[in-house]
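Spelled out from the first residue to the last, the chains are:
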Amino acid sequence: MRVLLIAYACRPDMGSEPMAGWSAYRMLRSKHEVRVVCSGSGQPSLSAAIREGVAREKDFVFIPERWKFTGKTALDKLITWGNILSFQRKLRRLGQIQIESFCPDVIHHVTISTWRTGNPLAGRGIPFIWGPVGGGENFPLRFLGGLSAYSFLFELLRLATGVLSRNAPGVRETALGSDWIFASNFATSNLLLKIGSKRDRLEVLPQFAFSEEKLQEFALRPSWNQGNPIRIFSGGYVEARKGIGLALRALDRLKQRGLTFEYEHGGIGPELEHLKKQSLQLGLGPQVRFVAPYSGAAYKEKLRSTDIFLFPSLRDNCPATLLEAMGHGCVPVVADHAGPGEIVTPECGIKIPLTRPAEFVDRLAEELAGLFQDADRRRRLGEAARLRVIENFSQEHWLQRVEAAYQKVTAGTRRS
């Protein structure tokens, strides 16, 4: 088939959304002729991939970014959304040009992977696939009190814009005009049903999938740590929604009990300085470190030497950092909420119910203490986490689900 892939974020040198777009391109290109419409911000890294022979120049059409980033977190969030909206407006015209020149059998939108933007190419008479899209997960209101002023206002604003987006014409038209929708978690699936999506054309499919090469890498877990200190890691963009502040409070409880550990977070973001100050106030000292993001071989080695991946995120879609840590055999400890609560099962990790903040911290500390004191349990859960990723998050599995949707929506419409 000819697949017109809409991937605003698509580049091989970054994680999260850009990697989701790039991964979708690589998977679909193995089966079909693919044309990608993406943001111009990814052009340098995609040009490098083309020179290396892992992508083809003719497969990409770039829409230039309208605004440049400033390095100021709050302003850059607004600039990101401004560029996304600008991309959507230009896509209306450029998409029609690509439809006429490329003659796609299917139009498939993969990024930006949120339901809040919609896509102007849905409902144009060509089978349209939307997703996997997320964003239906909400921040629990009981936990707003522990946020910095910036993050408190951001989460309130996100809640308000979510209400507005449900009634936005572009979103509703996409929900109704899509021939098939993949939601990356059940919270988003339920929201899309409320907007008007058809239940028989909607299914849950995780956003991320790993290549056979990556799955073979996951099979290389070294010997398990049997002694002290327990090594805990988390990674990713440092935002309040990640729940790192709650993790620090739980670790303080463990320190007071005389338990030894090393906790490290690798990442940058708007909450970094706030969390460093909190760590100092709690007196966690050298047991807690905030470091620059890991990458490449250093990241793999870090995960392989980690016992527990601590990820009590209060609002998350389908985090690639969590999945990769599980693939390397780390025991996931997460909040039982949205994407992470669906990815982690009781057989492969620990899920903490979102009750009240104080109760959550107490339960988190107790569960961590239990893991600290039981090396065999850590090994069993880590092995189960590794197998869960290998068996359920492969590119082969992702492609099978997408291919089945393609066959359903193109039945009777494809050209001879």
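Above this text is the structure in question.
These lines cover the structure that appears in this document, whether it is placed above or below. These figures come from a predicted structure and were not determined experimentally.

Analysis parameters
Residues numbered from 1 in each chain as written. Predicted model: local features only at pLDDT ≥ 70, side-chain atom pairs only at ≥ 80, totals over all residues. Heavy atoms only, no water. Buried < 20%, exposed > 50% of the residue type's maximum accessible area, 1.4 Å probe, protein only. Helix = DSSP H or I, 4+ residues; strand = E, 2+ residues; numbered from the N terminus. Arc of directions from axis to C-beta. Contact = heavy atoms within 4.5 Å. Pairing = 2+ DSSP bridges. Right-handed = clockwise from strand over helix to strand, strands pointing away. Axes fitted to C-alpha atoms, helices over the stretch in contact; angles between N-to-C directions. Salt bridge = Lys/Arg side-chain N within 4 Å of Asp/Glu carboxyl O. Disulfide = S-S within 2.5 Å.

### Regarding helix α10 (residues 296-304)
Alright, step 1. For α10, the full list of buried residues reads Tyr-299, Leu-303 and Arg-304. Angular distribution of buried residues about the axis of α10 spans 135°; they occupy a single face of the element.
Alright, step 2. Elements that come into contact with the buried residues of α10 comprise α7 (212-218), β8 (230-235), β11 (308-311) and α11 (320-327).

### Regarding the side chain of Ser-189
Alright, step 1. Mapping Ser-189 onto the fold places it in helix α6 (residues 186-195).
Alright, step 2. Judged by its relative accessible area of 9%, Ser-189 falls in the buried class.

### Regarding the pairing of strand β9 (residues 261-266)
Alright, step 1. Across the 6 residues that make up β9, a large majority, 5, are buried.
Alright, step 2. Pairing between β8 and β9: 6 bridges, direction parallel. Bridging across to β9, Ser-234 finds its partner in His-265.
Alright, step 3. Handedness of the β8-helix α8 (residues 244-256)-β9 crossover: right-handed.
Alright, step 4. Strand direction decides the pairing type here: β9 and strand β10 (residues 288-291), joined by 4 bridges, are parallel. Along β10, the bridge assignment pairs Gly-266 with Val-291.
Alright, step 5. Remark: the β9/helix α9 (residues 272-282)/β10 crossover connection has right-handed handedness.

### Looking at the sheet that holds strand β2 (residues 33-39)
Alright, step 1. Here 7 strands make up an open sheet; going across it, the order is β3-β2-β1-β4-β5-β6-β7 and the pairing parallel. Edge positions in the sheet fall to β3 (60-63) and β7 (202-204), since each has one partner strand and no second. This sheet shows a mean twist of 20° between the axes of neighbouring strands, independent of strand direction.
Alright, step 2. In terms of strand pairing, β2 meets β3 through 4 bridges, oriented parallel. If you follow Val-36 over to β3, its bridge partner there is Phe-60.
Alright, step 3. Of the strands in this sheet, β2 and β3 touch helix α2 (residues 43-51), which is tilted by about 165° from β3.

### Some details on the pattern of salt bridges
A side chain with one charge may pair with a side chain of the opposite charge, provided their charged atoms come close.
Alright, step 1. Scanning all chains against the criterion turns up 21 salt bridges.
Alright, step 2. The partner of Glu-155 in a salt bridge is Arg-315, with the nearest N and O atoms 2.9 Å apart. One end of the pair, Glu-155, is in helix α4 (residues 149-166); the other, Arg-315, is in the loop between β11 and α11, with 160 residues separating them in the sequence.
Alright, step 3. Glu-155 sits in the buried class, given a relative accessible area of 4%.
Alright, step 4. According to the relative accessible area criterion, Arg-315 is buried, its value standing at 7%.
Alright, step 5. In this structure, Arg-241 engages Asp-316 in a salt bridge whose closest nitrogen and oxygen atoms are separated by 3.5 Å. Remark: Asp-316 occurs in the loop between β11 and α11 and Arg-241 occurs in the loop between β8 and α8; sequence separation between them is 75 residues.
Alright, step 6. Owing to a relative accessible area of 15%, Arg-241 belongs among the buried residues under this scheme.
Alright, step 7. Each of Lys-214, Glu-217, Lys-300 and Glu-324 takes part in one network of salt bridges that share partners.

### What to know about the state of the cysteines
Alright, step 1. Applying the stated criterion to the full structure yields 0 disulfides.
Alright, step 2. Not engaged in a disulfide, the cysteine Cys-10 finds its nearest cysteine sulfur in Cys-38; these two sulfurs lie 5.2 Å apart.
Alright, step 3. Its relative accessible area of 3% is what places Cys-10 among the buried residues.

None of the figures reported here should be taken as evidence of function without further support.
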